Amino acid sequence: PAGRILDIGCGRGTLLARFLDGRHEPWGVEISEVLARDANELFAGHGGRCIHSDTVSGLNALAQDHFDGIIMSSYLEHEIEPLAVCEGISRCLKPGGHVVIKVPNYASWNRLVRGARWCGYRFPDHVNYFAPASLAGLIGAVGLQVARFRWQDRFPTSDNMWLVARRDGG
C-alpha cells in the first residue's frame, strides 16, 4: 500500500527505487557516508530522505509511528545490536504497519552439509545468525506479531528465510 517506507541499510537506495511511483515516500538509514548521500539525493526528490547513521541512532532520530512499512533485507545478520534495532523498528512502525525481514537461515540443511564453507558465513561482517525460532522470538520480544512465516519462507533447503511481522492496531 501507499505510504512511508524505510529501508534499513539501504545502500544507494536501489531497493526503494522500485517504489518511486508517487504513492510511496522512501526513507533509509545507511552507515556509509557515500552511499547515504547517493540514497538521500534519490529519496529527497520523492519526499523522503536517507539518514547517515548507525541504525540504532538513526531509528532514535525518527518519529514514533512514522512508517507504514520497513524493510530489512540482508541486514540484520550484520547488526551487533539486533534487539535494539528491532525495538526501534517497533517504535517507528505505525500501528497496522509491516516489516519485511530477510536473513540467512542458520537452520538450513546446506549449512549442516557445507559446514564452515556455508555461504551464510561471511566473516567478519556477519555477526548474528538466526534460525526460525530465534528470529520469531526476537520479533515477539519487541511486541511485533509474526504475520507471515510459512514453511516455504524458511524451508530447510534454503539458505535464506523471510519473515513478515506486523504491529498491532491501525
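As a starting point, this report considers the structure included with it. Treat the numbers as computed from the prediction; the structure is a model and nothing was measured.

## Notes on the overall build of the protein
- Tallying secondary structure elements over the protein gives five helices and seven strands in all.
- Traced from its N-terminal end to its C-terminal end, the protein shows the element sequence β-β-α-β-α-β-α-β-α-α-β-β.
- What you see for the protein is a C-alpha radius of gyration of 16 Å, in line with the 15 Å of a compact globule of 170 residues.
- For the protein, buried positions account for 42% of its 170 residues.
- Long-range pairs, those at least 24 residues apart, make up 60% of the contacts in the protein between residues at least 6 apart in sequence.
- Charged side chains in the protein number 18 positive and 18 negative. The centres of these two groups are separated by 7 Å.

## Some words on the environment of Ser-57
- Tracing the sequence through the fold places Ser-57 in helix α2 (residues 55–60).
- For Ser-57, a relative accessible area of 38% puts it in the partly exposed group.
- Along the primary structure Ser-57 and Ala-84 are separated by 27 residues, whereas in three dimensions their C-alpha atoms are 9.8 Å apart.
- Separated by 2.9 Å, the side chains of Ser-57 and Asp-54 make a polar contact.

## Brief notes about the state of the cysteines
- This model, assessed by the stated rule, comprises zero disulfides.
- No disulfide involves Cys-50; its nearest neighbouring cysteine sulfur is the one of Cys-10, lying 3.5 Å away.
- Residue class for Cys-50 comes out buried when judged on its relative accessible area of 7%.

## Brief notes about the side chain of Lys-102
- Checked against the element boundaries, Lys-102 lands in strand β5 (residues 93–104).
- The side chain of Lys-102 is buried and forms no salt bridge, while Glu-77, the nearest opposite charge, is found at 6.9 Å.
- Once you skip the residues sitting within four places of it in the chain, Lys-102 turns out to touch Met-72, Ser-73, Ser-74, Tyr-75, Glu-77, Asn-160, Met-161 and Trp-162.

## Digging into the pattern of salt bridges
- Under the defined criterion, the tally for this structure stands at eight salt bridges.
- Residue Arg-122 pairs with Asp-125 through a salt bridge whose shortest N-O separation is 2.6 Å.

## Observations concerning the packing of aromatic side chains
- Going through the model one piece at a time under the given rule, you end up with nine aromatic pairs.
- Between Tyr-106 and Trp-118, the ring centres sit 6.2 Å apart and the planes meet at 75 degrees, which makes this aromatic pair edge-to-face. Residue Tyr-106 is located in the loop between β5 and α4 (109–114), and its partner Trp-118 is located in the loop between α4 and α5 (132–141); the two are separated by 12 residues in the primary sequence.
- By relative accessible area, Tyr-106 is classed as partly exposed at 29%.

What counts as what
- Residues numbered from 1 in each chain as written.
- Predicted model: local features only at pLDDT ≥ 70, side-chain atom pairs only at ≥ 80, totals over all residues.
- Heavy atoms only, no water.
- Helix = DSSP H or I, 4+ residues; strand = E, 2+ residues; numbered from the N terminus.
- Rg over C-alpha atoms; globule rule 2.2 N^0.38 Å.
- Buried < 20%, exposed > 50% of the residue type's maximum accessible area, 1.4 Å probe, protein only.
- Contact = heavy atoms within 4.5 Å.
- Lys, Arg positive; Asp, Glu negative; His and termini not counted.
- Charge placed at Lys NZ, Arg CZ, Asp CG, Glu CD.
- Polar contact = N/O pair within 3.5 Å; in protein donor to acceptor, adjacent residues only side chain to side chain.
- Disulfide = S-S within 2.5 Å.
- Salt bridge = Lys/Arg side-chain N within 4 Å of Asp/Glu carboxyl O.
- Phe/Tyr/Trp six-rings, centres within 6.5 Å; stacked < 30°, edge-to-face > 60°.

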